[in-house]
Amino acid sequence: MSQDCEVIVVGGGPVGVMALALLGHAGVKAVGIEREPEMWRQARAVHFDGETVRSFQAMGLGEELSARVKPMCDYRMENEAGETLVSHATGQMGPQAWHSEVLFHQPEVDGLLRAEVARLADVELRLGTTLLDIQQGDDSVRCTVRTPEGTTRTLTARWIIACDGATSTVRRTLGISGENLGTDDPWLVVDGHLRGTAGIEGDMVFLGRHTRPALWIRLPGDRVRMEFKVLPGDDPEEIVTPAGIARLSRGVLTPQNFEPDRSVIYTFRARLATSWRVGNVFLAGDAAHLAPPLFGQGLCAGLRDVANLVWKLRLVSRGRAPESLLDTYESERRDHARYWVEQAATMAGLVQTTDPVMAARRDAHIRANPADSYPPAPALGPGVHTGPADPHGGRLSMQPVLPDGTRLDDLVGRRFLLAATPELQAGLPDPVREALAEEPEVAVLTSPQHVGQLLTSVEAPAVLVRPDRYVLGTAHTPEQLEALLRLLPLAGALATRREMSPPRQETTAQH
């Protein structure tokens, strides 16, 4: 069957447009469809982590994104009495070679991504186009869509990435259910411009007031966001008024100093789709997982989804990897996303309690266990890596900044990276070293100035890093490195040479 493209991306929010941009840079022809005729001009997400900025760097957009964001310099939580229970300094440059936490106004980021898609030759975003139906064959998918002119047409592709949000049409069409990992809680979200006053001290402050839990966020320029838990007895029409906002904010956001852009009640949910793949259709972003906005990982998780999936689609599309590689998308990403949904749901329960006794117990717990308020990032679930037998396998690698100021990813591009000491690389059998030299999908770096910091971070003389910058595995001997290279999901000269050179030590990835 002839195909219009290799991938159809459903949804034109930031996850869908990021997927299109990544596909365009990967040389994979794709069409995105979005039912809204224009870009949404109001903010939703406000936070990225350093890993996300690194994903923009992979497309050459790191500096442009940085010009549009504000480093988040501090994070704290206080209780009803105004006591600071926990505080973290967060404004430093982190191991991703970018600020570890940044805040932004989403329309500016959305505009940056859409401009990149418009610039790329192999991808396009069709606005005002609504998905009506999906039909799958063995090696293709057919989407029936309604065009902006009101006509019906069919688009065909090899794969679909569904980035169509919490109410995903694709998810419902495929009959995929969701697992509930928390409570459904209504919150009022208020965005706007604060002028003539400093507001609340700090960039992100959880206000753990049992009388009215709230959140304060300082965004770039004079923009701020406050969120308030909606309580029984609240009048939903009154609390969105300027007077209602002034009352809920305890005088921080008043008609005299605050110009609102948006005041809307959202229901914060904790959900995980029971399946992320049906045939040639993949769920990503809010279509696959929803988390309360604690830790700011909702959009970050969606962008991780497509970063994980696109490099695999690229290799399968080019015939360099088997179709089975795509089975690792759900196994790797679902466990990772579940962790953040559960962490956010647990923290939401702590932050938004309205029981004074429970709030006092929470305060005591946080004082005694401050690390619980800022959980560490998890490893990927089972897939193309050697974790958990290797403590670094399946975890995000760091990115060194080289002596000349270059970030390492800019040398590697969208390839695998083998970073090794010269001695360990030289210990490989000649056929393997020759195959590595001929393999365009693997960058081999041995110079200490390039890889010294990276090798130190994994406590090993060799590390294999995937195109999405997660560690495939580490090695300490030539035998271990040769075995590690056999786990590369690549067909071609390297695979042939691997078969010619029998394994000297067994290393297995999770599948």
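Once a new chain begins, its residue numbering starts again from 1 and follows that chain's sequence as written. Selection of residues for local features in this predicted model requires a pLDDT of at least 70, selection of side-chain atom pairs for listing and counting requires 80 or more, and totals for whole chains, interfaces and linings are taken over all residues. Side-chain numbers come from the whole structure's heavy atoms, not from hydrogens or water.

On to the sheet that holds strand β17 (residues 223-229), then. The criterion for strand pairing is that DSSP finds at least two bridges linking the strands in question. A run of DSSP states H or I qualifies as a helix once it reaches four residues; a run of E qualifies as a strand once it reaches two. Both are numbered from the N-terminal end. Here we have seven strands laid out as an open sheet, ordered β6-β5-β15-β16-β17-β14-β18, and mixed in their pairing. The open sheet has two edge strands with one neighbour each: β6 (84-89) and β18 (258-268). Sheet twist, expressed as the mean angle between neighbouring strand axes with direction ignored, is 10°. Pairing geometry for strand β16 (residues 214-218) and β17, over five bridges, is antiparallel. Following the sheet pairing, Ile217 is matched in β17 by Arg225. Any two residues whose heavy atoms approach within 4.5 Å are treated as being in contact. Think of each axis as a best-fit line through the C-alpha atoms, taken over the contacting stretch in the case of a helix, with angles from 0 to 180 degrees between the N-to-C directions. The strands that helix α9 (residues 356-368) touches are β5 (74-79), β6 and β15 (204-208); relative to β5, the one it contacts most, it runs at about 145°.

On to α9, then. Since one α-helical turn is 3.6 residues long, residues separated by three or four positions face the same way. Here the expected span of a helix is defined as 1.5 Å times the quantity of residues minus one. The terminal C-alpha atoms of α9, which comprises 13 residues, lie 18 Å apart, in line with the 18 Å expected from a rise of 1.5 Å per residue. When accessible area is computed with a 1.4 Å probe and restricted to protein chains, residues below 20% of their type maximum are described as buried, those above 50% as exposed, and intermediate ones as partly exposed. Among the residues of α9, those classed as buried are Ala359, Arg362, Asp363 and Ile366. All buried residues of α9 fall inside an arc of 100° around its axis, so they share one side. In this structure, α9 carries Arg361 and Ala368 as exposed residues pointing more than 90 degrees from its buried face. Residues of α9 that are buried make contact with β5, β6, β15 and α8 (328-351). Between the side-chain oxygen at the start of α9 and the backbone nitrogen of Val357 there is a gap of 2.8 Å, and the oxygen is on Asp355. The directions from the helix axis to the C-beta atoms are what the arc is built from. Any pair of nitrogen or oxygen atoms within 3.5 Å is treated as a polar contact; in protein, a donor-acceptor pairing is required on top of that, and neighbouring residues in sequence qualify only through side-chain atoms on both sides.

Moving on, we come to the packing of helix α1 (residues 14-25) against helix α4 (residues 106-119). With their axes 9 Å apart at the nearest point, α1 and α4 run at an angle of 30° to one another. Here α1 lies roughly parallel to α4, going by the angle between them. Crossing hand, α1 versus α4: left-handed. Residues Pro14, Val17, Met18, Leu20, Ala21 and His25 of α1 form the contact with α4, whose participating residues are Gln106, Asp110, Leu113, Arg114, Glu116, Val117 and Arg119. Residues are grouped as follows: Ala, Val, Leu, Ile, Met, Phe, Trp, Tyr, Cys and Pro are nonpolar; Asp, Glu, Lys and Arg are charged; every other residue, Gly included, is polar. For the contact of α1 with α4, the per-class residue count stands at seven nonpolar, two polar and four charged. Between 65 and 115 degrees an angle is taken as roughly perpendicular, under 35 as roughly parallel, over 145 as roughly antiparallel, and anywhere else as oblique. Crossing chirality is assigned from the near helix's rotation relative to the far helix, an anticlockwise turn below a right angle marking it left-handed and a clockwise turn marking it right-handed.

Right, let's get into the side chain of Ser397. Turning to its location among the elements, Ser397 is positioned in the loop between α9 and α10 (409-412). Here Arg469 takes part through its backbone oxygen, which lies 2.9 Å from a polar atom of the side chain of Ser397. Beyond its immediate chain neighbours, meaning those up to four positions away, Ser397 contacts Arg54, Gln96, Leu454, Val465, Arg469, Tyr470 and Val471.

The next subject is the environment of Val10. Within the secondary structure, Val10 is located in strand β1 (residues 7-10). What makes Val10 buried here is its relative accessible area of 5%. With near-sequence residues (within four places) excluded, Val10 lies in contact with Ile33, Leu131, Ile160, Ile161, Ala162, Cys163, Asp164 and Val170.

Below, the discussion takes up the pattern of salt bridges. Any carboxyl oxygen of Asp or Glu that lies within 4 Å of a side-chain nitrogen of Lys or Arg is treated as forming a salt bridge with it. Tallying each qualifying case throughout the model produces 38 salt bridges. Linking Asp110 and Arg44 is a salt bridge whose minimum nitrogen-to-oxygen distance equals 3.3 Å. Residue Asp110 is found in helix α4, and its partner Arg44 is found in the loop between β2 (30-34) and β3 (47-49); the two are separated by 66 residues along the sequence. Under the relative-accessibility criterion, Asp110 is labelled buried at 5%. Across the pair Lys70 and Asp203 runs a salt bridge, and its minimum N-O distance is 2.8 Å.

UniProt positions are given in the numbering used here, feature names are shortened, and annotations may be inferred rather than shown by experiment. Under the feature "domain: FAD-binding" (unreviewed entry), the UniProt entry names residues 4-343. For residues 4-343, the helix share is 26%, the strand share is 32%, and the end-to-end C-alpha distance is 41 Å.

We now examine the nonpolar core. Nonpolar cores were defined as sets of buried Ala, Val, Leu, Ile, Met, Phe, Trp, Tyr and Cys residues, with membership established by side-chain atoms within 4.5 Å. Ranked by internal contacts, the top residues of the largest apolar core, which has 97 residues, are Leu23, Phe48, Phe56 and Ile161. Among residues more than four places away in sequence, those in contact with Leu23 are Val7, Val9, Val28, Ala30, Val123, Ile161, Val310 and Leu313. Membership of the second largest hydrophobic core comes to 20 residues, among which are Met204, Leu215, Ile217 and Ile366.

This paragraph deals with the sheet that holds strand β7 (residues 101-104). One open sheet holds the three strands; their spatial order is β3-β7-β4, and the pairing between them is antiparallel. The outermost strands of the open sheet, each flanked by one partner alone, are β3 and β4 (69-71). Strand-to-strand twist in this sheet, taken as the mean axis angle between neighbours without regard to direction, amounts to 35°. Here helix α2 (residues 50-57) sits on the sheet and contacts β3 and β7; the angle it forms with β3, its principal contact strand, is near 80°. Strand contacts of helix α7 (residues 298-317): β3 and β7, with the helix running at about 50° to β3, the strand carrying the most contacts.

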